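Spelled out from the first residue to the last, the chains are:
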Amino acid sequence: MRDQMERHQSWIYLAFILAGLAVGIALPDTASRLEAGLWPLLGVLGSSQKTENKAR
């Protein structure tokens with residue numbers, strides 16, 4: 001599963017960027033509430049990536 005995701009990583013990023021754009025345009029109030037959780041989420045994902053790299 002991981003190999004497959006890494007192989008298609010660019011397409012996955014693009015899909016999520018387009019989904020975020022669609023939500024932002026269609027539901028601007030919801031998008032602003034979701035934006036508040038973006039930086040904490042990125043922080044958690046970044047720290048889990050660092051932990052995973054150390055385990056290798």
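As the structure is a prediction and not an experimental result, all values here were calculated from the model.

Comments concerning the overall build of the protein
If you tally the helices and strands in the protein, you get four helices and zero strands. Along the protein, from the amino end to the carboxyl end, the secondary structure elements read α-α-α-α. By the burial criterion, 0% of the 56 residues in the protein qualify as buried. Approximately 5,200 Å² of the protein is accessible, and the part contributed by carbon and sulfur atoms is 67%.

Some words on the confidence of the model for the protein
Close inspection of predicted coordinates is inappropriate for parts of the model with low pLDDT. The predicted model of the protein has a mean per-residue pLDDT of 83, with 86% of residues at 70 or higher. Model confidence for the protein, summarised as mean pLDDT per element, is weakest for helix H4 (residues 38-55) at 76 and strongest for helix H2 (residues 9-26) at 91.

A word on the packing of H2 against helix H3 (residues 28-35)
Contact geometry for H2 and H3: axes closest at 5 Å, N-to-C directions at 125 degrees. Relative to H3, the element H2 is oriented oblique. Touching Val23, Gly24, Ile25 and Ala26 of H2 are Pro28, Ala31 and Leu34, all from H3. Looking at the contact of H2 with H3 residue by residue, the classes come out as six nonpolar, one polar and no charged.

Brief notes about a nonpolar patch on the surface
On the surface, Trp11, Leu14, Leu18, Leu21 and Ile25 cluster together into a nonpolar patch covering about 580 Å² of accessible area. As for its position among the elements, leucine 18 is in helix H2. Given a relative accessible area of 48%, leucine 18 falls into the partly exposed group.

Conventions used here
Residues numbered from 1 in each chain as written. Predicted model: local features only at pLDDT ≥ 70, side-chain atom pairs only at ≥ 80, totals over all residues. Heavy atoms only, no water. Helix = DSSP H or I, 4+ residues; strand = E, 2+ residues; numbered from the N terminus. Buried < 20%, exposed > 50% of the residue type's maximum accessible area, 1.4 Å probe, protein only. Areas by Shrake-Rupley, 256 points an atom, 1.4 Å probe, with all protein chains shown as cover. pLDDT = per-residue confidence, 0-100. Axes fitted to C-alpha atoms, helices over the stretch in contact; angles between N-to-C directions. Parallel < 35°, antiparallel > 145°, perpendicular 65-115°, else oblique. Contact = heavy atoms within 4.5 Å. Nonpolar A, V, L, I, M, F, W, Y, C, P; charged D, E, K, R; others polar. Patch = residues over 30% accessible without salt bridge, like charges linked within 9 Å, V, L, I, M, F, W, Y side chains within 5 Å. Salt bridge = Lys/Arg side-chain N within 4 Å of Asp/Glu carboxyl O.

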